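Observations on the three-dimensional arrangement
Now for the letters of each chain:
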Amino acid sequence: MKELIIKNLHVSVEDKEILKGVNLTIKPHETLALVGQNGHGKSTLLAAIMGNPKYKITEGSITLDGEDVLKMTVDERSKKGIFLGMQYPSEVPGVVNADFLKAAINARRDTPIKLFEFYRSLESASKKMNISMDMSQRFLNEGFSGGEKKRNEILQMLLLKPDLAMLDEIDSGLDVDALVSVSDAIKEMQETTQMSFIVISHYARLYHLIKPTHVAVMINGKIALEGGFEIIDKIDRQGYEWIKYELGIEISKEDKTMNQVSIGACATKEVLKK
Ligand SMILES: Nc1ncnc2c1ncn2[C@@H]1O[C@H](COP(=O)(O)OP(=O)(O)OP(=O)(O)O)[C@@H](O)[C@H]1O
Ligand SMILES: [Mg+2]
């Protein structure tokens with residue numbers, strides 16, 4: 001049961017201020033959809049929560065059940081139950097996927113997991129994500145396809161069982177069947193645990209599958225608008241311009257690519273109908 005509270009968070013990268021006063025609260029069992037145009041600071045927020053040293057916190061606070069997250073090292077944040085499924089997972093040659101997963105599990109336990117128990121969990125999670133067991137013997141993410149990397153992030157989430165999972169464009173690069181596997185894994189955790197999620201996506205199709213409890217729109221490094229699912233539907237139909245007009249906000253970035261309907265949305269609907 002963890003509550004994450006972000007207050008007036010300002011974050012700079014390479015002396016440029018990206019986040020300009022973010023306020024957000026994520027309670028246990030909530031799923032927050034974090035949306036916004038390219039380059040407005042969504043991944044920066046997740047990097048700051050996880051503790052990426054490139055991102056300097058210049059003002060504000062992040063607390064997890066009242067504890068100061070900003071004082072914690074990255075591994076402490078992970079042990080406290082925060083997990084980041086990255087937008088661009090790194091390739092780590094020389095580190096075997098299964099060894100990495102086992103080390104990550106053991107870092108959170110007092111006694112090491114028994115080999116048999118580990119392989120049983122790995123097998124079960126791999127089956128859910130449709131990942132062959134051979135992949136666990138390859139180096140972490142090295143040569144993995146885009147979709148395989150994303151499925152491997154969810155595999156990690158299933159094994160680590162975090163309290164707060166932050167999933168950054170977890171649906172990018174996934175084929176239609178993989179999208180269903182990923183969303184099924186998220187749905188199972190939503191239904192059977194008190195876990196909370198922050199889910200970034202540019203596509204309504206993922207949100208239709210996992211049904212966020214609330215939605216936040218990031219514009220120019222601030223949360224400009226919060227509300228329910230109707231925001232996602234409206235953005236999917238109309239893009240972001242209406243927010244600018246309705247709230248009187250000037251959107252500085254010009255990228256309007258999120259406004260486009262993706263072919264995957266239709267294909268997914270066909271799979272779900274079966
Ligand atoms: N390590 C970095 N070095 C330099 N600039 C950075 C770095 N990380 C982020 N930025 C800049 O900060 C801004 C916000 O980037 P961020 O990745 O948070 O956007 P985003 O909302 O996640 O966009 P997208 O939807 O395209 O993933 C961008 O202008 C980006 O170029
Ligand atoms: Mg991003």
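Look up a bit, the structure's there.
In this report, we go over the structure that sits alongside the text. (Residues numbered from 1 in each chain as written. Chains lettered and ligands numbered in written order. Predicted model: local features only at pLDDT ≥ 70, side-chain atom pairs only at ≥ 80, totals over all residues.)

Further remarks concern unusual backbone geometry. For D15, which is not glycine, the phi dihedral falls at a positive 65°. One can find D15 in the loop between β1 (4–13) and β2 (16–26). Of the residues examined, D15 has 6 C-beta atoms within 10 Å and is grouped as exposed. The phi dihedral of K161 is positive, around 45°, even though this residue is not glycine. Along the chain, K161 falls in the loop between α5 (146–160) and β9 (164–168). According to the C-beta neighbour criterion, K161 is partly exposed, with 15 such atoms within 10 Å. (Helix = DSSP H or I, 4+ residues; strand = E, 2+ residues; numbered from the N terminus. Buried ≥ 20, exposed ≤ 12 C-beta atoms within 10 Å, placed from the backbone.)

Right, let's talk about the nonpolar core for a bit. Nonpolar side chains tend to gather and get buried jointly when the protein is soluble and globular. Counting residues in each nonpolar core, the largest one holds 63 residues, and the members touching the most others are L34, M166 and V217. Those residues in contact with V217 that sit more than four places away from it in its chain are V35, G36, I223, A224, L225, I231 and I243. (Core = buried A, V, L, I, M, F, W, Y, C linked by C-beta atoms within 7 Å. Contact = placed C-beta atoms within 7 Å.)

Running from N to C, helix α3 (residues 97–106) and α5 cross one another at 35°; their axes reach a closest spacing of 10 Å. As α3 packs across α5, the resulting crossing turns out to be right-handed. For the pair formed by α3 and α5, the contact residues are L101, A104 and I105 on the first element and Q156, L159 and L160 on the second. Per-class residue counts for the contact of α3 with α5 are five nonpolar, one polar and no charged. (Axes fitted to C-alpha atoms, helices over the stretch in contact; angles between N-to-C directions. Left-handed = near helix turned anticlockwise from the far one by under 90°. Nonpolar A, V, L, I, M, F, W, Y, C, P; charged D, E, K, R; others polar.)

The full set close to ligand 1 counts 13 residues, and N38, G39, K42, S43 and T44 are the nearest of them. For the shell around ligand 1, the leading source of residues is helix α1 (residues 42–50), giving three residues. Split into classes, the residues belonging to the shell around ligand 1 amount to two nonpolar, eight polar and three charged. (Near = placed C-beta within 6 Å.)

This part covers helix α8 (residues 230–238). When α8 is considered as a whole, its buried residues turn out to be I231, I232, I235 and D236. Buried residues of α8, seen end-on, are gathered within an arc of 135° and therefore sit on one face of the element. Those residues of α8 that are exposed and aimed more than 90 degrees away from the buried face are E230, R237 and Q238. Each element contacted by the buried residues of α8 is listed here: β3 (31–35), α7 (204–210), β11 (214–219) and β12 (222–227). Residue G239 follows α8 closely and has a positive phi angle near 75°. (Arc of directions from axis to C-beta.)

Attention now moves to the sheet that holds β9. The strand order across the open sheet built from six strands is β6-β9-β10-β3-β11-β12, with neighbouring strands paired in mixed fashion. Only two strands of the sheet have a single partner each, and these edge strands are β6 (82–85) and β12. The average angle at which neighbouring strand axes cross in this sheet is 20°, direction not considered. Inspection of the sheet shows β9 paired to strand β10 (residues 196–200) by five bridges, in the parallel sense. Directly across from D168, in β10, lies its bridge partner I200. (Pairing = 2+ DSSP bridges.)

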